[in-house]
Protein chains: 2
Amino acid sequence: MSKQRTPLPLADCHTPLTAEPLSADQAERLAVSFKALGDPIRLRLLSLIASHQGGEACVCDLTDAFDVSAPTISHHLKVLRETGLVASERRATWVYYRAEPATLELLSTVLSVPQGAGE
Amino acid sequence: MSKQRTPLPLADCHTPLTAEPLSADQAERLAVSFKALGDPIRLRLLSLIASHQGGEACVCDLTDAFDVSAPTISHHLKVLRETGLVASERRATWVYYRAEPATLELLSTVLSVPQGAGE
DNA sequence: CATCTACTTTGACAGATATCGAATCAACTT
DNA sequence: AAGTTGATTCGATATCTGTCAAAGTAGATG
């Protein structure tokens, strides 16, 4: 069976939240993504993965960078995976993670402020 | 006394998190901001405030838009205020909130993906 | 001053979340 | 097949967070 969870449909959230009020439904789905970013370890994990050479990082590289246990890292990676911020692939013994630029860009757009907003 | 809490120093977080690994300290402070965005009601509040005519909204306008009590709205507004996402000002009987574009832009930049990243 | 409206703070509580140790799974190596 | 290393899942627990009712504050107005 595939490992790919439905990473929640954010497809209809392309408008900056400053432009028009979010629907309750959009807010619900966006909040899941921002909540995933709302943990220091997950932010660092995402940053480490995204900035890693080759665009991907092995879990073994990530675990050593933190003072928490391996299960905790695994838990945080799962949260990032389920929100579509990263994707994982097993190659032989190791599991590699890479960032999903589309999701990051989408969230970045939602927070962006069009010039002349709020006038 | 002033109502202005120190809205946490994010000044040194101008680089996309895909560009280089976040420091533990940067991640800690950014996480507070993203956590503030990680609630559907707060996202909608922020969106309502930012997109409101004149760039500001009275609390009375906001409270009616949700199914939760006034204290709960007040709590969420406080979280947004303390992270520097909004600012408030009392004029006569009413308290007006407006979005802080600089904070939004900063967070947007952190999530943005420079072209050619991860190669 | 008393009172009304707008908003915030306090205190309490139920549900969510981060964390760990132990157990499990997956792939490689003798 | 047995053992080793890498990674995830499970179960338990301490802490955090969202929520409300009740009480408190701020300003306007009678």
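Scroll up to find the structure this text is about.
Residues numbered from 1 in each chain as written. Chains lettered and ligands numbered in written order. Predicted model: local features only at pLDDT ≥ 70, side-chain atom pairs only at ≥ 80, totals over all residues. Heavy atoms only, no water.

Here we take up the overall build of chain A. A tally of helices and strands in chain A yields five helices and three strands. Its C-alpha atoms give chain A principal-axis dimensions of about 55 × 30 × 25 Å. When the 119 residues of chain A are sorted by exposure, 44% land in the buried category. In chain A, of all internal contacts separated by at least 6 residues, the share reaching a separation of at least 24 is 58%. Accessible surface computed for chain A: about 6000 Å², of which carbon and sulfur atoms make up 52%. Taken together, the 11 basic and 14 acidic charged side chains of chain A have centroids lying 9 Å from each other. (Helix = DSSP H or I, 4+ residues; strand = E, 2+ residues; numbered from the N terminus. Buried < 20%, exposed > 50% of the residue type's maximum accessible area, 1.4 Å probe, protein only. Contact = heavy atoms within 4.5 Å. Areas by Shrake-Rupley, 256 points an atom, 1.4 Å probe, with all protein chains shown as cover. Lys, Arg positive; Asp, Glu negative; His and termini not counted. Charge placed at Lys NZ, Arg CZ, Asp CG, Glu CD.)

A separate point is the protein's contact with DNA strand D. Taken together, 25 residues are adjacent to DNA strand D, and Tyr-97 of chain A together with Arg-42, Ser-69, Thr-72 and His-76 of chain B come closest. Put simply, 83% of the atoms of DNA strand D that lie within 4 Å of the protein are in sugar or phosphate. One of the side-chain nitrogen or oxygen atoms of His-75 of chain B is found 3.4 Å away from a phosphate oxygen of DNA strand D. Breaking the surface near DNA strand D down by element, the ones donating at least two residues are α3 (59-63), α4 (70-82) and β3 (94-99) of chain A together with α2 (40-51) and α4 (70-82) of chain B. A class-by-class count of the residues in the surface near DNA strand D yields twelve nonpolar, seven polar and six charged. (Near = heavy atom within 4 Å. Polar contact = N/O pair within 3.5 Å; in protein donor to acceptor, adjacent residues only side chain to side chain. Nonpolar A, V, L, I, M, F, W, Y, C, P; charged D, E, K, R; others polar.)

This paragraph deals with the protein's contact with DNA strand C. With respect to spatial proximity, 25 residues lie near DNA strand C, and among them Ser-69, Thr-72 and His-76 of chain A together with Cys-58 and Tyr-97 of chain B are the closest. Of all atoms in DNA strand C that approach within 4 Å of the protein, 82% are sugar or phosphate atoms. Residue Arg-42 of chain A places a side-chain N or O atom 2.8 Å away from a phosphate oxygen belonging to DNA strand C. Elements that contribute at least two residues to the surface near DNA strand C include exactly α2 (40-51) and α4 of chain A together with α3 (59-63), α4 and β3 (94-99) of chain B. Of the residues belonging to the surface near DNA strand C, the class tally is twelve nonpolar, seven polar and six charged.

The next point concerns the packing of α2 of chain A against α4 of chain A. Residue and element names in this part refer to chain A. With their axes 10 Å apart at the nearest point, α2 and α4 run at an angle of 75 degrees to one another. When the interaxial angle is binned, α2 and α4 end up roughly perpendicular. Contacts between α2 and α4 involve Ile-41, Arg-42, Leu-45, Leu-46 and Ile-49 from the first element and Ile-73, His-76, Leu-77, Val-79 and Leu-80 from the second. Classifying every residue of the contact of α2 with α4 by side-chain character gives eight nonpolar, one polar and one charged. (Axes fitted to C-alpha atoms, helices over the stretch in contact; angles between N-to-C directions. Parallel < 35°, antiparallel > 145°, perpendicular 65-115°, else oblique.)

For the pair chain A and chain B, the superposition axis carries a translation of 0.0 Å, the fit reaches an RMSD of 0.0 Å, and the rotation angle comes to 180 degrees. Expressed as a symmetry operation, the mapping of one chain copy onto the other fits a two-fold axis. Of the C-alpha atoms belonging to chain A, the one lying closest to the rotation axis is found on Ser-108 of chain A, 2.2 Å away. (Least-squares fit on C-alpha atoms with pLDDT ≥ 70 in both.)

Residue and element names in this part refer to chain A. Judged by pairing direction, the sheet is antiparallel, and its three strands sit side by side in the order β1-β3-β2 without closing on themselves. Of all strands in the sheet, those with a lone pairing partner are β1 (56-58) and β2 (86-91), marking the two edges. Each strand of the sheet is rotated relative to its neighbour by a mean of 30 degrees, with strand direction disregarded. Sheet analysis places β2 next to β3, joined by six bridges and oriented antiparallel. When the sheet's bridge partners are listed, Glu-89 is paired in β3 with Tyr-96. Relative to β3, α2 is tilted by about 90 degrees, and along the sheet it contacts β1, β2 and β3. (Pairing = 2+ DSSP bridges.)

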